[in-house]
Amino acid sequence: MIDEQSTGNKTIVVAGATGHLGNLITHYLLARHTHVKALVRKDTSIARTEALRRAGATVIALDYQNVITLTEACKNADCVVSALSGLRDVIVNMQSNLLKAAVGAGVPRFIPSDYCVDFTKLPDGSNRNLDLRREFSMILNSAPIQSTSILNGMFMDLLKDEAPVVLSGPAKVIYWGDVEQPMDFTTLKNTAQFTAEAALDGDTPRFLRIAGQVASINDIRIAASEAKGKEFKTFRIGGLGMLQFMIKAMRTIMPARNEVFPPWQGMQYLHNMLSGLPKLNPLDNDRYPDIKWTKIREVLA
Ligand SMILES: NC(=O)c1ccc[n+]([C@@H]2O[C@H](COP(=O)([O-])OP(=O)(O)OC[C@H]3O[C@@H](n4cnc5c(N)ncnc54)[C@H](OP(=O)(O)O)[C@@H]3O)[C@@H](O)[C@H]2O)c1
């Protein structure tokens, strides 16, 4: 845990502060008496920026294409945290502008918008969104700035509905591949709290890896049974080859290329996790001991 006294005079820039994760990161930074400069787009509605302002952040509306104003906004910051979400125009292009601005303003540290499985271990083409993160990491690695990616596996909150793995009606946990494959899950809140701590920590390595719970499909079944008070069973749809086939079919039927999270991308993410390739190891959960890690059973309850 970083000394409370030492965080009071720190300034952290948060890009994407109006988003789900960025908002929570800002909240945790403000709770640690940090000066937060929240970068928002010029056309972001007042309703969304007002909440940040009332919470105590300094809201700076700007054009992410304009590196000069971005650099001005980054001045005197101790770290730039990105929680932007998007495709190439955001993850590669806008984050490159933000990185140029951070370097230009002499900011010592940069946290990119990664928040995912270990994308460094995945082959190109296995996950469109993670390919973009690998591409940006090459740019980041050659920049004269200290950088830290936060890797958290899958947002545990998604198990409630968006990742259709836990089916409450039929009391089934569906899967492909190996029922005992360990995977990493972390709530949005835990990820935000850890990221806020990492932003205030002057000495972080290139990667920090966290998991609120490491769980297999069988562990998820046990958690769902405890949370819902009824016996869940697992249902194996097929092997990982079948999931790959389903992803291809989905991509053909519903390409939705401009969507950040079309259904086939979620399936790619699940395929990655079930393959075991991007498993996080070792975990840095103990780095900030005040963080209490939420478990899958609590999220599903
Ligand atoms: N591991 C997982 O399971 C998982 C799941 C979901 C997300 N994530 C990752 O978590 C990170 C944050 O995601 P989130 O869910 O918090 O995203 P979100 O709620 O959609 O918020 C995205 C933020 O980026 C900003 N933004 C989007 N497009 C922009 C653009 N073209 N120019 C400037 N700003 C732009 C938005 O600004 P406005 O408010 O102005 O629109 C918003 O502040 C991303 O890296 C995402 O991939 C991980």
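Residues numbered from 1 in each chain as written. Predicted model: local features only at pLDDT ≥ 70, side-chain atom pairs only at ≥ 80, totals over all residues.

A. Molecular detail of the domain arrangement of the chain. The assigned domain composition of the chain is domain 1 (4–152 + 187–212 + 278–291) and domain 2 (156–181 + 214–275). Once you take the C-alpha centre of each, domain 1 and domain 2 turn out to be 28 Å apart. Each side of the interface is counted separately: domain 1 has 14 residues, and domain 2 has nine residues. Taken together, the residues of the side of domain 1 that touches domain 2 break down into six nonpolar, seven polar and one charged. (Domains from an automatic or database assignment. Contact = placed C-beta atoms within 7 Å. Nonpolar A, V, L, I, M, F, W, Y, C, P; charged D, E, K, R; others polar.)

B. Looking closely at the pairing of strand S4 (residues 79–82). Where burial is concerned, the two faces of S4 agree: the one with Cys79 and Val81 and the one with Val80 and Ser82 are both buried. Pairing of strand S1 (residues 11–15) with S4, which is carried by four bridges, proceeds in the parallel orientation. Residue valine 13 lies in a different strand from S4, and its bridge partner there is valine 80. Pairing analysis gives two bridges linking S4 to strand S5 (residues 109–111), with the strands arranged parallel. Each bridged residue has a counterpart across the sheet, and for valine 81 the counterpart in S5 is isoleucine 111. The parallel pair S4 and S5 is bridged by helix H5 (residues 88–104), and the resulting crossover is right-handed. (Buried ≥ 20, exposed ≤ 12 C-beta atoms within 10 Å, placed from the backbone. Helix = DSSP H or I, 4+ residues; strand = E, 2+ residues; numbered from the N terminus. Pairing = 2+ DSSP bridges. Right-handed = clockwise from strand over helix to strand, strands pointing away.)

C. Examining the site of the ligand more closely. Near the ligand, the surroundings consist of 24 residues, among which Gly16, Thr18, Gly19, Leu21 and Ser85 are the closest. When contributions to the shell around the ligand are tallied by element, the ones reaching two or more residues are helix H2 (20–31), strand S2 (35–41), H5 and strand S8 (154–155). For the shell around the ligand, the element with the highest residue contribution is H2, accounting for three residues. Here the residues of the shell around the ligand are counted per class, giving twelve nonpolar, ten polar and two charged. (Near = placed C-beta within 6 Å.)

D. Broad picture of unusual backbone geometry. Of note, the bond from asparagine 281 into proline 282 is cis; its omega dihedral lies within 30 degrees of zero at -5°. Along the chain, proline 282 turns up in the loop between helix H10 (263–275) and helix H11 (296–300). Positive phi, normally seen in glycine, also occurs at asparagine 76, with a value near 65°. Within the element layout of this structure, asparagine 76 appears in the loop between helix H4 (67–74) and S4.

E. View of the environment of arginine 236. Looking at where arginine 236 falls in the secondary structure, it is placed in strand S14 (residues 233–238). For arginine 236, a count of 14 C-beta atoms within 10 Å corresponds to the partly exposed category. For arginine 236 and isoleucine 25, which are 211 residues apart along the polypeptide, the C-alpha to C-alpha distance reads 37 Å.

F. Examining the nonpolar core more closely. Grouped together as the largest cluster of nonpolar side chains are 82 residues, with contacts concentrated most on Val13, Val14, Ile25, Val80 and Val81. Broken down by element, this core gets its largest block of residues, seven residues, from H5. Beyond its immediate stretch of four places on either side in the chain, valine 13 contacts Lys37, Leu39, Ala73, Cys74, Ala77, Val80 and Val81. (Core = buried A, V, L, I, M, F, W, Y, C linked by C-beta atoms within 7 Å.)

G. Region of interest: the packing of helix H9 (residues 240–253) against H10. For the pair H9 and H10, the least separation of the axes is 9 Å and the interaxial angle reads 165°. When the axis of H9 is compared with that of H10, the two are roughly antiparallel. When the axes of H9 and H10 are compared, the crossing they make is left-handed. Between H9, through Leu240, Leu243, Gln244, Met246, Ile247, Met250 and Arg251, and H10, the contact on the second element is made entirely by Pro263, Trp264, Met267, Gln268, His271, Leu274 and Ser275. Counted by class, the contact of H9 with H10 contains nine nonpolar, four polar and one charged residues. (Axes fitted to C-alpha atoms, helices over the stretch in contact; angles between N-to-C directions. Parallel < 35°, antiparallel > 145°, perpendicular 65-115°, else oblique. Left-handed = near helix turned anticlockwise from the far one by under 90°.)

H. Fine view of H5. When the terminal C-alpha atoms of H5 are compared, their 22 Å separation across 17 residues agrees well with the 24 Å that a helix rising 1.5 Å per residue should span. Looking at the buried side of H5, the elements it contacts are S1, H4, S4, S5 and helix H6 (128–141). (Expected span 1.5 Å × (residues − 1).)

I. View of the sheet that holds strand S10 (residues 172–176). Strand order in the open sheet made by the three strands is S9-S10-S14, with mixed pairing throughout. Across the chains shown, the open sheet's two edge strands, defined by having one partner strand only, are strand S9 (166–167) and S14. Inspection of the sheet shows S9 paired to S10 by two bridges, in the antiparallel sense. Within S10, the residue paired with valine 166 across the bridge is valine 173. The strands that helix H8 (residues 217–228) touches are S9, S10 and S14; relative to S10, the one it contacts most, it runs at about 170°.

J. View of the packing of H4 against H5. Remark: H4 packs on H5, axes separated minimally by 8 Å, with the N-to-C direction vectors making an angle of 50°. On the basis of the axis angle, H4 is oblique to H5. Classified by chirality, the crossing of H5 by H4 is right-handed. The residues of H5 that touch H4, namely those facing Val67, Leu70, Thr71 and Cys74, are Asn97, Leu98, Lys100, Ala101, Ala102 and Gly104. Per-class residue counts for the contact of H4 with H5 are six nonpolar, three polar and one charged.

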